[in-house]
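Below are the chains, spelled out letter by letter.
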Amino acid sequence: PAGAELVWLVRGIWHEDESRKLCQDLGLILATERVEDVNMGETAYLRLSGARYSEDDLWSISDRLADGPKAFCLFNNTNMFRLAQRLQGLLETEG
């Protein structure tokens with residue numbers, strides 16, 4: 001559909017440069033699972049697994065995502081709703 005954005009989470013043996021180039025060529029958003037891998041010059045898609053994120057972790061994620069033009073963050077764990085709400089609150093505080 002018009003306006004849809006597609007995201008690719010790389011699995012397997014891919015070099016980061018190859019993945020970024022392929023996503024750029026195909027108009028895809030490259031998903032990452034590490035905050036430090038987010039490329040803030042682009043739309044960011046961050047997928048976070050693991051059940052424990054401290055307040056400092058959430059501040060770090062918030063600081064990183066607030067710098068970009070558009071960001072999506074998916075928490076893939078049992079506390080996902082609470083963590084997403086907390087991150088949203090931090091981003092609104094910074095905005």
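Residues numbered from 1 in each chain as written. Predicted model: local features only at pLDDT ≥ 70, side-chain atom pairs only at ≥ 80, totals over all residues. Heavy atoms only, no water.

Student: For the overall build of the protein, give the residues involved together with the corresponding values.
Tutor: Along the protein, the regular secondary structure elements total three helices and four strands. Traced from its N-terminal end to its C-terminal end, the protein shows the element sequence β-α-β-β-α-β-α. For the protein, whose C-alpha radius of gyration is 14 Å, the value lies close to the compact-globule estimate of 12 Å for 95 residues. In the protein, which comprises 95 residues, the share counted as buried stands at 25%. If you take every contact in the protein between residues at least 6 apart in sequence, the share linking residues at least 24 apart comes to 54%. Split by element, the accessible area of the protein, about 6400 Å² in all, is 51% carbon and sulfur. (Helix = DSSP H or I, 4+ residues; strand = E, 2+ residues; numbered from the N terminus. Rg over C-alpha atoms; globule rule 2.2 N^0.38 Å. Buried < 20%, exposed > 50% of the residue type's maximum accessible area, 1.4 Å probe, protein only. Contact = heavy atoms within 4.5 Å. Areas by Shrake-Rupley, 256 points an atom, 1.4 Å probe, with all protein chains shown as cover.)

Student: Kindly report on helix 2 (residues 55-66), identifying the contributing residues and their values.
Tutor: For helix 2, which comprises twelve residues, the first-to-last C-alpha distance of 16 Å matches the rise-based estimate of 16 Å (1.5 Å per residue) to within 8%. Regarding helix 2, the residues found buried are Leu58, Ile61, Ser62 and Leu65. The arc that holds the buried residues of helix 2, viewed along the axis, is 100 degrees, so those residues lie on one side. (Expected span 1.5 Å × (residues − 1). Arc of directions from axis to C-beta.)

Student: Before we move on, can you summarise the packing of helix 2 against helix 3 (residues 80-94) with the specific residues and values?
Tutor: Between helix 2 and helix 3, whose axes approach to 9 Å, the crossing angle comes to 55 degrees. Here helix 3 runs oblique to helix 2, going by the angle between their axes. Of the two possible hands of crossing, helix 2 and helix 3 adopt the one that is right-handed. Facing Glu55, Leu58, Trp59, Ile61, Ser62, Asp63, Leu65 and Ala66 of helix 2, the residues of helix 3 in contact are Leu83, Arg86, Leu87, Leu90, Leu91 and Glu94. Tallied by class, the residues present in the contact of helix 2 with helix 3 amount to nine nonpolar, one polar and four charged. (Axes fitted to C-alpha atoms, helices over the stretch in contact; angles between N-to-C directions. Parallel < 35°, antiparallel > 145°, perpendicular 65-115°, else oblique. Left-handed = near helix turned anticlockwise from the far one by under 90°. Nonpolar A, V, L, I, M, F, W, Y, C, P; charged D, E, K, R; others polar.)

Student: Please set out the side chain of Arg47 residue by residue, giving values where relevant.
Tutor: Relative to the helices and strands, Arg47 is located in strand 3 (residues 44-49). Under the relative-accessibility criterion, Arg47 is labelled buried at 18%. Among the polar contacts listed, one links the side chain of Arg47 to the side chain of Glu33, at a separation of 2.8 Å. Leave out the neighbours within four places in its chain, and Arg47 touches Leu9, Arg11, Thr32, Glu33, Leu74 and Asn76. (Polar contact = N/O pair within 3.5 Å; in protein donor to acceptor, adjacent residues only side chain to side chain.)

Student: Can you break down helix 3 residue by residue, with the values?
Tutor: With 15 residues, helix 3 extends 21 Å from end C-alpha to end C-alpha; this agrees with the ideal 21 Å at 1.5 Å per step. Every buried residue belonging to helix 3 is among Leu83, Leu87 and Leu90, and all of these are buried. Down the axis, helix 3 shows its buried residues gathered within 60 degrees of arc, on one side only. The outward face of helix 3, more than 90 degrees from its buried face, is lined by the exposed residues Phe81 and Glu92. The inward-facing, buried residues of helix 3 abut helix 2 and strand 4 (71-76).

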